[in-house]
Amino acid sequence: MRSSAGLVAAVAVMGLTPSLGFSVGPAFAPRLSPSAASSISPHSSSLSLRTTGPASLAQAQLHRRSLTRRTPATNKLEMNFLVEGLLRVGSCMPYILPMMDSLAYGRFLFQKVPLISMIFMTPLQPFVELAQAFPMLSFVAFLGLFLFVVRNKKIPRFVRFNTMQALLLEIILIFPQILTSSNMGGLIPFMFTEFISNMTFYSVVAIVVYSCICNIKGDLPCKIPVISTAVFQQIGGGAGYED
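Residues numbered from 1 in each chain as written. Predicted model: local features only at pLDDT ≥ 70, side-chain atom pairs only at ≥ 80, totals over all residues. Heavy atoms only, no water.

Caption draft 1: The arrangement of the overall build of the protein chain in detail. Scanning the protein chain from N- to C-terminus turns up 13 helices and zero strands. For the protein chain, the succession of helices and strands along the chain, N to C, is α-α-α-α-α-α-α-α-α-α-α-α-α. Per-residue burial for the protein chain yields a buried fraction of 28% across its 243 residues. Carbon and sulfur atoms provide 72% of the accessible area of the protein chain, an area that totals close to 16,500 Å². (Helix = DSSP H or I, 4+ residues; strand = E, 2+ residues; numbered from the N terminus. Buried < 20%, exposed > 50% of the residue type's maximum accessible area, 1.4 Å probe, protein only. Areas by Shrake-Rupley, 256 points an atom, 1.4 Å probe, with all protein chains shown as cover.)

Caption draft 2: Geometry of the side chain of T200. Looking at where T200 falls in the secondary structure, it is placed in helix α12 (residues 190–217). Here I196 takes part through its backbone oxygen, which lies 2.7 Å from a polar atom of the side chain of T200. Dropping the residues within four chain positions of it, T200 is found in contact with Y105, L173 and P176. (Polar contact = N/O pair within 3.5 Å; in protein donor to acceptor, adjacent residues only side chain to side chain. Contact = heavy atoms within 4.5 Å.)

Caption draft 3: A look at the packing of helix α8 (residues 137–150) against helix α9 (residues 157–172). The geometry of α8 relative to α9 is characterised by a closest axis approach of 10 Å and an angle of 150 degrees between their N-to-C directions. Here α8 is positioned roughly antiparallel relative to α9, judged by the angle of their axes. Note that α8 runs across α9; the crossing there is left-handed. Contact residues: F142, L145, F146, V149 and V150 in α8; V159, R160, T163, M164, L167, E170 and I171 in α9. (Axes fitted to C-alpha atoms, helices over the stretch in contact; angles between N-to-C directions. Parallel < 35°, antiparallel > 145°, perpendicular 65-115°, else oblique. Left-handed = near helix turned anticlockwise from the far one by under 90°.)

Caption draft 4: Representation of the environment of S91 in the model. In this fold, S91 is placed in helix α4 (residues 54–92). S91 sits in the buried class, given a relative accessible area of 0%. The spatial distance from the C-alpha of S91 to the C-alpha of A166 is 9.7 Å, given a sequence separation of 75 residues. Those residues in contact with S91 that sit more than four places away from it in its chain are F158, V159, N162 and N215. A polar side-chain atom of S91 sits 2.7 Å from the main-chain carbonyl oxygen of L87.

Caption draft 5: Representation of the nonpolar core in the model. By size, the foremost hydrophobic cluster in this structure holds 33 residues, and its most contacted members are M99, L103, F120, F201, I227 and V231. Listing elements by their share of this core, those giving two or more residues are α5 (96–102), α6 (107–112), α7 (114–133), α9, α12 and α13 (227–235). No other element matches α9, which puts seven residues into this core. Setting aside its immediate chain neighbours within four residues, F201 contacts S102, L103, Y105, G106, L109, F110 and F120. (Core = buried A, V, L, I, M, F, W, Y, C linked by side-chain atoms within 4.5 Å.)

Caption draft 6: Up close: the confidence of the model for the protein chain. Scored by pLDDT, the protein chain comes out at a mean of 76, with 62% of its residues at no less than 70. Here residues 1–52 is modelled with pLDDT under 50, and outside its nearest four sequence neighbours on either side it reaches 15 contacts, counting other chains as well. (pLDDT = per-residue confidence, 0-100.)

Caption draft 7: Structural context of the packing of α9 against α13. Where α9 meets α13, the axes come as close as 9 Å, and the angle between the chain directions of the two elements is 125 degrees. By the angle between their axes, α9 is oblique relative to α13. α9 and α13 meet at a crossing whose hand is right-handed. Residue-level contacts link R157, R160, F161, M164, Q165, L168, L169 and I172 of α9 to I227, S228, A230, V231, F232, Q234 and I235 of α13. Looking at the contact of α9 with α13 residue by residue, the class counts come to 10 nonpolar, three polar and two charged. (Nonpolar A, V, L, I, M, F, W, Y, C, P; charged D, E, K, R; others polar.)

Okay, here's the thing in structure tokens:
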């Protein structure tokens, strides 16, 4: 009875195997039929080997290590870029002092062209009001910049050079002030006073604009005749960034 039932089950399995793509051998070991084997492409098998093999895992680990190594260098580069940007902008700040004093020489030009007065007075108005509220503030700022910036070797030379150049420009502005103050008791004609005032204002604006553009570009503004030479004599060195 059991032998007949096993025979019937074997015949049933042999009848189902063609539809499943398997054939039953002597040891009943399943194998792929030619149609099923042809449906698997060599590309899929090679792809599975590449994605799951030990070589791909090693490459992934190397890629992670390279990303980890690049991160500190990238952060350092960004930090250097930030520090250098702050130095360039900070080197332009001392020129606020001579620009504030130059506004008095532009009064004739401001009366004729009010738009120019708006362009220069609007950004400098807070500093002018602060200087008017504290009359000694300009002198204290001048002295502080000279003692704690120009004479401080720990501060980058790029900043010290621009600071000294701005202070020298501030000192030079004393001479046209002597010539234009009350027309020297009427000894100087009014037209000559207006000419000196306008030329002084133009010169200061040109020097400040030139210096700020050089600072933003990262170049040392050392091409100003007489003034830049005097700056080199004060802080020493050549046209480089370091002493």
